[in-house]
Structures are given as C-alpha cells and as structure tokens.
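This is what each chain is made of:
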Amino acid sequence: MNQFSTKAAIKTPIRIMIIVFVAISALFIFGKAEFLKSNVDATVVLAGNLLLFLISLLNILRSAKAADNPNPHVFVRVFYGGFIIRLFACAIAAFIYIYTQQGRINKPALFICLGIYIIYSLIETTTLKKIFNNKKNNG
C-alpha cells in the first residue's frame, strides 16, 4: 500500500471523528443547563472530549504513516505507543481534575468521558484494522 492510498484511507475516519467531536461539543455547549439539572458538569465533558479527540487524531495520523513502513514492527510500536500516550494523558488529566476539585468529583461527567473514550477508540481501532488489512491484501 503506498503513501497516497493510506492517506486516502484515513480521510473518512478523520471526518467521522470531527463530526463526533462537533456533535458532542454542540450537545454539551447548547444543553449545558439541562445537563446541570442532571448533575453533569459540561465543562469536564467538553475538556475530556477535546483531549480524547486530539489524542485520537494524533494516533491515527501516526499509525497511518507507520503503516507505510515496510518493517511491521514500526506499526506495532506506534500503535501501542499511542495506547500508552492515551492512557497516561487520561490518567494525568483525571489526576489534575481530582486534585483541583478536592473531593467534589462529578462522577456522571467522568462516566460520559469514559463513553467518549470508547467511541474514539472504536473509530481509531477499526480504521487501523482496515488500513492494515488493505495493506496485507495489496502488499
């Protein structure tokens, strides 16, 4: 699989990620009052959405570039490196949030962030699986 086809393969998932990011952000910006009634801190969800979107976008771009490398170990290292980056970034963000809130954590917002994490992870994983399968079938 050449560089051009890998770039073409990630256009659709990146568009999907942007749509998901905008939809979640719009939902929590325009529905902030409703979510406050349900005890959901929209600011926490918006910050989590932005963090997860940026990390997932970075991981897809890095992994797509690594998929073109003839050495398959490069792709595996980049994929697992992205997983570690996401894990540590989320852990650091959660630590900062918990530390600054001094025990007043908004659990519903954290669970919504967990759902957003799963959504972005599914988009990223299915994209990389398709890229890798196409590379294997064409190469």
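### Describing the overall build of the protein chain
In step 1: Per the secondary structure count, the protein chain includes 5 helices and 0 strands.
In step 2: Summarising its shape, the C-alpha atoms of the protein chain cover approximately 55 × 30 × 15 Å along the three principal directions.
In step 3: Of the contacts formed within the protein chain by residues at least 6 apart in sequence, a portion of 77% connects residues at least 24 apart.
In step 4: When the accessible area of the protein chain is evaluated, it comes to approximately 8,700 Å², of which 71% is carbon and sulfur surface.

### Some remarks on the pattern of salt bridges
It is possible for side chains of opposite charge to pair when their charged atoms get near one another.
In step 1: If you walk through the whole model with that rule in mind, you get 2 salt bridges.
In step 2: Lys37 is the partner of Glu34 in a salt bridge, and the nearest nitrogen-oxygen pair spans 3.4 Å. A residue pair is termed a helical-turn pair when its members lie 3 or 4 positions apart in one helix, as Glu34 and Lys37 do in helix H2 (residues 32-37) at 3 residues.
In step 3: Judged by relative accessible area, Lys37 falls into the exposed class, the value being 64%.
In step 4: The shortest N-O distance in the salt bridge between Glu124 and Arg86 comes to 2.1 Å. Note that Glu124 is positioned in helix H5 (residues 107-138) and Arg86 in helix H4 (residues 72-101), a separation of 38 residues in sequence. A single burial state applies to Glu124 and to Arg86, both of which are buried.

### A look at H4
In step 1: Taking 1.5 Å of rise per residue, 30 residues should cover 44 Å, and H4 covers 44 Å from first to last C-alpha, within 8% of that figure.
In step 2: Taken together, the buried positions of H4 are occupied by Val74, Phe75, Val78, Gly82, Arg86 and Tyr97.
In step 3: At the N-terminal end of H4, a side-chain oxygen is found 3.0 Å from the backbone nitrogen of His73, two or three residues along, and the residue is Asn71.
In step 4: With its phi angle positive at about 50°, Gln102 sits one or two positions after the end of H4.

### As for unusual backbone geometry
In step 1: Phi angles above zero are rare outside glycine, and Asn39 is one such case at about 65°.
In step 2: Tracing the sequence through the fold places Asn39 in the loop between H2 and helix H3 (42-67).

### Here we look at the confidence of the model for the protein chain
In step 1: On average, residues of the protein chain score 86 in pLDDT, and 94% of them are at 70 or above.
In step 2: Averaged over each element, pLDDT in the protein chain is lowest for helix H1 (residues 3-30) (84) and highest for H3 (91).

### A closer look at the packing of H3 against H4
In step 1: The contact between H3 and H4 brings their axes to 9 Å, and the two run at 165°. Judged by the angle between their axes, H3 and H4 are roughly antiparallel. Considering the relative orientation of H3 and H4, their crossing is right-handed. Taking contact as the criterion, the partners of Val44, Leu51, Leu52, Ile55, Ser56, Asn59, Arg62, Ser63, Ala66 and Ala67 in H3 are, on H4, Val74, Phe75, Val78, Phe79, Gly82, Ile85, Arg86, Ala89, Cys90, Ala93 and Tyr97.
In step 2: Partitioned by chemical class, the residues of the contact of H3 with H4 number 15 nonpolar, 4 polar and 2 charged.

### What to know about a nonpolar patch on the surface
In step 1: A cluster of nonpolar side chains, namely Val76, Tyr80, Phe83, Ile84, Leu87, Phe88, Ile92, Phe95, Ile96 and Tyr99, defines an oily patch on the protein surface of about 1,100 Å² accessible area.
In step 2: Structurally, the position occupied by Phe83 is in helix H4.

### Points about the packing of aromatic side chains
In step 1: Per the counting criterion, the structure on display carries 6 aromatic pairs.
In step 2: Consider the rings of Phe53 and Tyr120, whose centres lie 6.2 Å apart with planes at 55°: the pair is tilted. Pair noted here: Phe53 is in helix H3 and Tyr120 is in helix H5, with a separation of 67 residues, a long-range link. Across the pair, Tyr120 and Phe53 agree in class, each one buried.
In step 3: Taken together, the aromatic side chains of Phe21, Phe53 and Tyr120 make up a single cluster linked through ring pairs.
In step 4: Above the plane of the ring of Tyr117 lies Arg86, whose end atom (NZ or CZ) is 5.5 Å from the centre.

Rules behind the numbers
- Residues numbered from 1 in each chain as written.
- Predicted model: local features only at pLDDT ≥ 70, side-chain atom pairs only at ≥ 80, totals over all residues.
- Heavy atoms only, no water.
- Helix = DSSP H or I, 4+ residues; strand = E, 2+ residues; numbered from the N terminus.
- Contact = heavy atoms within 4.5 Å.
- Areas by Shrake-Rupley, 256 points an atom, 1.4 Å probe, with all protein chains shown as cover.
- Salt bridge = Lys/Arg side-chain N within 4 Å of Asp/Glu carboxyl O.
- Buried < 20%, exposed > 50% of the residue type's maximum accessible area, 1.4 Å probe, protein only.
- Expected span 1.5 Å × (residues − 1).
- Polar contact = N/O pair within 3.5 Å; in protein donor to acceptor, adjacent residues only side chain to side chain.
- pLDDT = per-residue confidence, 0-100.
- Axes fitted to C-alpha atoms, helices over the stretch in contact; angles between N-to-C directions.
- Parallel < 35°, antiparallel > 145°, perpendicular 65-115°, else oblique.
- Left-handed = near helix turned anticlockwise from the far one by under 90°.
- Nonpolar A, V, L, I, M, F, W, Y, C, P; charged D, E, K, R; others polar.
- Patch = residues over 30% accessible without salt bridge, like charges linked within 9 Å, V, L, I, M, F, W, Y side chains within 5 Å.
- Phe/Tyr/Trp six-rings, centres within 6.5 Å; stacked < 30°, edge-to-face > 60°.
- Lys NZ or Arg CZ within 6 Å of the ring centre and 35° of its normal.

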